[in-house]
Amino acid sequence: MCCSHFENREQVSGEKAASFDLASVKGMRFFDPHVHMTSRTTDDYQAMADAGVVGLIEPAFWLGQPRTGIDSFRDYYSSLIGWERFRSSQFGIKHYCTIGLNSREANNESLAEQVMEILPLFVYKEGVVGIGEIGFDDQTAAEEKYYRLQLELAKEAGLPVQVHTPHRDKKNGTRRSMDIAIEHGIDPSKVIIDHNNEETVKEVLDRGFWAAFTIYPFTKMGNERMVEIAREYGPDRIMVNSAADWGISDPLAVPKTAALMKLRGISEEAIQLITYGNAIAAFAQSDQIDEADFTSVLSVDQSAKFEGNSILRGGQQPRIDKSSIIIS
Ligand SMILES: [Zn+2]
């Protein structure tokens, strides 16, 4: 028994080592269009930069426990366009965000009303590339109400929409999200439907929407399944993201999926569309993304400050370039 167990483990770790060898995608550029960096560490930023992530989008979401007042929302949105963007720049990664009221907290209607009032103060800011992540969680009447209101806001602001689809009753929830967007006169080419799986992808693509896939480690949408989807549907209007947050998740999901796709024989051109180009094309409809931005953050100066604060702690020396190993 011990031996078969051992063999099993060997097999799994051997497979993992092959799949996750990032050396095979060295030199490629990646863009993660859904990652909650507020919940991540500087080690994550460093690892992403080293793996070739040059840009990312941080959607506004819920923080794992409900906020109790409007000022918490205000400060959170401010950090997405301020401190977090600065932190990202210190690792040479261009940070964008989407702003919105997430579906879970849409169910607190008295607070949701107040959030709707402050959203216009943030959605027109520089680097805001969409309204998101919005949509359905439990598919309640309140969720629908605030989804519709925010679709109107997206139209008014001329911004793309980043739609969170529910984990329960996903197929119906996804269809309903698309029906409602169309009902509001929003062009499917401006809507990114997120958290797709094998059950939803065909309809999303057939109807002209962008299909995003979240690569969750160990469960749900693993990157092996993503390779099969890429094989079946091709690279058009498909993108992958990590949706890394405060839960068990992997901020390197995008480059790792690229590495696995390469190993499985997907063309480099297709891989670059799925892990870089398509997300940029979709969200550049906000007129807030210029690929030249990615090079402008590359001249990292870690002694820079944001409103008097630096990412360095007492005695640390700023990194001068990417080849230096560690802050001593
Ligand atoms: Zn998210």
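Owing to the predicted nature of the structure, the values given are computational and were not obtained by experimental measurement.

Strands sit in the order 1-2-3-4-5-6-7-8 across an open sheet of eight strands; the sheet is parallel. Either end of the sheet is taken by a strand with one partner, and the two such strands are strand 1 (30-32) and strand 8 (238-241). For this sheet the average axis-to-axis angle between neighbouring strands, irrespective of direction, equals 25 degrees. One ladder, built from five bridges, connects strand 2 (residues 53-59) with strand 3 (residues 94-99); its direction is parallel. In the strand pairing of strand 3, Leu56 is matched with His95. Contacts between helix 3 (residues 70-81) and the sheet are confined to strand 2, strand 3 and strand 4 (128-135), with strand 3 contributing the most and set at about 150 degrees to the helix.

Coordination sphere of the zinc ion, protein contribution only: His34 (NE2), His36 (NE2) and Glu133 (OE), at 2.0 to 2.2 Å. Between consecutive donor residues of the zinc ion, the sequence gaps follow H-x1-H-x96-E. Of this pair, His34 sits in the loop between strand 1 and helix 2 (42-51) while Glu133 sits in strand 4, placing them 99 residues apart in sequence. Like His34, the residue Glu133 is buried in the burial classification.

Attention now moves to the packing of aromatic side chains. Tallying each qualifying case throughout the model produces 13 aromatic pairs. Consider the rings of Tyr76 and Tyr77, whose centres lie 6.0 Å apart with planes at 45 degrees: the pair is tilted. Residue Tyr76 is classed as buried on the basis of its relative accessible area, which comes to 5%. We classify Tyr77 as buried; its relative accessible area is 1%. Above the ring of Tyr76, the side-chain terminus of Arg67 is found at 4.7 Å from the ring centroid.

With an omega dihedral of -20 degrees, the bond running from Gly132 to Glu133 counts as a cis peptide bond. Despite not being glycine, Gln139 has its phi angle at roughly 60 degrees, a positive value. Considering the arrangement of structural elements, one finds Gln139 in the loop between strand 4 and helix 6 (141-157). Accessibility expressed as a relative area gives 17% for Gln139, which makes it buried. One non-glycine residue, His195, adopts positive backbone phi at about 55 degrees. Residue placement: His195 occurs in the loop between strand 6 (191-193) and helix 8 (201-206). According to the relative accessible area criterion, His195 is buried, its value standing at 5%.

The next subject is the confidence of the model for the protein. When pLDDT is averaged along the protein, the result is 89, and 89% of the positions lie at 70 or above. The model gives residues 1-15 a pLDDT under 50, and that stretch makes two contacts with residues more than four places away or in other chains. Across residues 322-328, confidence stays below pLDDT 50; counting only partners more than four residues off in sequence or on other chains, it has 13 contacts.

Here the focus is the pairing of strand 7 (residues 210-214). The buried count for strand 7 comes to five of five residues, which makes it a mostly enclosed element. Residue alternation in strand 7 divides its side chains into two sets, Trp210, Ala212 and Thr214 and Ala211 and Phe213, and both sets are buried. The sheet contact formed by strand 6 and strand 7 spans two bridges and is parallel. Following the sheet pairing, Ile192 is matched in strand 7 by Trp210. Traced from strand 6 through helix 8 to strand 7, the parallel crossover comes out right-handed. Sheet topology note: the strand 7/strand 8 ladder contains four bridges and is parallel. Paired with Ala212 across the two strands is Met239, which belongs to strand 8.

Reading the values: rules and limits
- Residues numbered from 1 in each chain as written.
- Predicted model: local features only at pLDDT ≥ 70, side-chain atom pairs only at ≥ 80, totals over all residues.
- Heavy atoms only, no water.
- Pairing = 2+ DSSP bridges.
- Helix = DSSP H or I, 4+ residues; strand = E, 2+ residues; numbered from the N terminus.
- Axes fitted to C-alpha atoms, helices over the stretch in contact; angles between N-to-C directions.
- Contact = heavy atoms within 4.5 Å.
- Donors = N, O, S within 2.8 Å, 3.2 Å for Na, K, Ca; no water.
- Buried < 20%, exposed > 50% of the residue type's maximum accessible area, 1.4 Å probe, protein only.
- Phe/Tyr/Trp six-rings, centres within 6.5 Å; stacked < 30°, edge-to-face > 60°.
- Lys NZ or Arg CZ within 6 Å of the ring centre and 35° of its normal.
- pLDDT = per-residue confidence, 0-100.
- Right-handed = clockwise from strand over helix to strand, strands pointing away.

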